[in-house]
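As a plain string of letters, each chain reads:
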Protein chains: 2
Amino acid sequence: MVTSPVVNTYPLSSYTFGTKEPKMEKDTSVADRLARMKVNYMKEGMRTSVEAILLVQEHNHPHILLLQIGNTFCKLPGGRLKPWRKCKLAANSPSLQPNWQIGECVATWWRPNFETIMYPYCPPHITKPKECKKLYVIHLSEREYFAVPKNLKLLAVPLFELYDNVQRYGPVISTIPQQLSRFQFNMIHT
Amino acid sequence: MVTSPVVNTYPLSSYTFGTKEPKMEKDTSVADRLARMKVNYMKEGMRTSVEAILLVQEHNHPHILLLQIGNTFCKLPGGRLKPWRKCKLAANSPSLQPNWQIGECVATWWRPNFETIMYPYCPPHITKPKECKKLYVIHLSEREYFAVPKNLKLLAVPLFELYDNVQRYGPVISTIPQQLSRFQFNMIHT
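Read on for an overview of the structure. (Residues numbered from 1 in each chain as written. Chains lettered and ligands numbered in written order. Predicted model: local features only at pLDDT ≥ 70, side-chain atom pairs only at ≥ 80, totals over all residues. Heavy atoms only, no water.)

## Here we look at the overall build of chain A
Operational definition: Only DSSP runs of H or I with at least four residues qualify as helices, and only runs of E with at least two residues qualify as strands; both kinds are numbered from the N terminus onward. All radius of gyration figures rest on C-alpha atoms, and the globule criterion is 2.2 Å times the number of residues raised to 0.38. Buried residues are those whose accessible area, probed at 1.4 Å on protein chains only, stays under 20% of the maximum for their type, while exposed residues exceed 50% and partly exposed ones sit between those limits. Whether two residues touch is decided by their heavy atoms; if any such pair falls within 4.5 Å, the residues are in contact. Surface exposure here means Shrake-Rupley accessible area, sampled with a 1.4 Å probe, where a residue is shielded only by the protein chains that are shown. Lys and Arg are tallied as positive, Asp and Glu as negative. Neither His nor the chain termini are counted. Where a charge lies is defined by one atom per residue type, namely NZ (Lys), CZ (Arg), CG (Asp) and CD (Glu).
Of the regular secondary structure elements, chain A holds four helices and 11 strands. What you see for chain A is a C-alpha radius of gyration of 17 Å, in line with the 16 Å of a compact globule of 190 residues. Viewed in the frame of its principal axes, chain A has a C-alpha envelope of about 50 × 45 × 30 Å. Within chain A, the proportion of its 190 residues that are buried is 49%. Long-range pairs, those at least 24 residues apart, make up 76% of the contacts in chain A with a sequence separation of at least 6. For chain A, the accessible area works out to roughly 9,600 Å², and carbon and sulfur atoms hold 53% of it. Placing the 24 positive and 14 negative side-chain charges of chain A at their respective mean positions leaves the two points 7 Å apart.

## Structural notes on the nonpolar core
To be explicit about the condition: Throughout, nonpolar core names a set of buried Ala, Val, Leu, Ile, Met, Phe, Trp, Tyr and Cys residues whose side chains join them through atoms within 4.5 Å.
Membership of the largest hydrophobic core comes to 51 residues, with the highest contact counts inside it found for I64 and L180 of chain A together with I64 and L180 of chain B. In this structure, L180 of chain B is in contact with I53, L55, I64, V106, V137, L159 and F185 of chain B, ignoring residues within four places of it in sequence. Within the second largest apolar cluster, 14 residues are counted, among which are Y15, L54, L67 and W100 of chain A.

## A closer look at the relation of the copies chain B and chain A
To be explicit about the condition: What sets the superposition is a least-squares fit of C-alpha atoms, and only residues with pLDDT of at least 70 in both copies go into it.
When chain B is fitted to chain A, the best match, at an RMSD of 0.0 Å, comes from turning it 180° and sliding it 0.0 Å along the axis. In symmetry terms, the pair is related by a two-fold rotation axis. Using C-alpha coordinates, one finds that chain B approaches the rotation axis most closely at Q179 of chain B, a distance of 2.8 Å. Interface overlap between copies is the fraction of interface residues in one copy that are interface residues in the other; for chain B against chain A it reaches 100%, indicating a shared surface.

## Considerations on the state of the cysteines
Inclusion rule: Here, the term disulfide refers to a pair of cysteine sulfur atoms separated by no more than 2.5 Å.
Tallied over the entire structure, the rule returns zero disulfides over all chains. Note on C105 of chain A: no disulfide assigned, nearest cysteine sulfur contributed by C132 of chain A at a separation of 8.4 Å.

## Digging into helix α1 (residues 30–44) of chain A
All names here are of chain A. Counted only if it meets this: Here a helix's expected span is defined as the number of its residues, less one, multiplied by 1.5 Å. Starting at the helix axis, one direction is taken to each C-beta atom, and the arc is that of these directions.
With 15 residues, α1 ought to run about 21 Å at 1.5 Å a step, and its terminal C-alpha atoms sit 20 Å apart, in line with that. Listed in full, the buried residues belonging to α1 are L34, M37, N40 and Y41. Buried residues of α1, viewed axially, fall in a sector of 120°; they line one side. Residues of α1 that are exposed and angled more than 90 degrees away from the buried face: A31, M42 and K43. Once α1 finishes, G45 follows within two positions and takes phi at roughly 80°, a positive value.

## A word on the pattern of salt bridges
Going by this rule: Here, a salt bridge means any Lys or Arg side-chain nitrogen found within 4 Å of an Asp or Glu carboxyl oxygen.
Taken as a whole and assessed by the stated rule, the structure comprises nine salt bridges over all chains. A salt bridge links K133 of chain A to E51 of chain A, with the nearest nitrogen and oxygen atoms 3.5 Å apart. Of the two residues, K133 of chain A sits in strand β8 (residues 131–139) while E51 of chain A sits in strand β3 (residues 47–58), which places them 82 residues apart along the sequence. Each of the two residues, K133 of chain A as well as E51 of chain A, counts as buried. Among the ionic pairs, E131 of chain B bridges to R111 of chain B, the shortest N-O distance being 2.9 Å. Here the residue E131 of chain B occupies a position in strand β8 (residues 131–139), and R111 of chain B occupies one in strand β7 (residues 101–111), the gap between them amounting to 20 residues.

Purely geometric stuff here, so don't read any function into it on its own.
As structure tokens, this is what we get:
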């Protein structure tokens, strides 16, 4: 049997957080977003997107970095499958480049239709899914600089808060604890 | 980025199913089971158990083999971390040995106390968990013989039936679709 993959996790206090210009949502409603998705699909085919799972530790328990929009909605940092430098948390300055490395894919989610619902498999009889989203573990180094868009708030949320909390975090983020359970977390105290 | 691991899945009809002597539960109630768990913990320390995810395909969609006890309760084939030949579905005859191979660990669940509830992480402040259960994908070959204990029923349940169905399958089995979403299923039509 293969041994568990290891993720080194550093305290949140190891990292530096700055700000950058606001990253506004392109759409003002879910209906607008789905309409734009349809237009893009006609032009470019299935959307492929990536989201990043950035781990830190507090009190010996793994926490995930989430971006909060407004007072309730949380999302993972991520974007389209373009160069990852465009990740929502990367700094714009060339002197503040990230030291992190893209790690294991932990989940793939499929959007069968131009609707908000996604599934962790391509449902039977769906031959043309509209989006495929992959979640990757990011291996952070001991020092990182994160640039948080001014309109978003960065939160470090413990796994025990995400687990079984679909109401607050939705189906994708609330099952990250299960997807990470095969990893061994190496808690580094700096 | 690493490519997705591949699981070859064969139709259920590729496999042969026989029976073997009933494999009765050792306990007649949850209270009895937890009491016995406590006694064993005193003798042997943390229980380590393994469960097997056996995949087949039907109508181009992955299905998981589950054992049904009575009319409702379902479980994965598995057991203690003893030689896997003792797996609940292995035949007793030396001429009918399995061709499967133990594959990737997809999840680890922890039981912090002598209670039924388990978590996909060791909760903070728990220094002596009582059980650690690991789920492994089993790579089946084109031909396998399964011996099903006479008191159990073997079911092939599609991923879409397990997904978001904690009421019917419980927290461990109902999130297997998410844990398998990083795999690429190679559907083999024989």
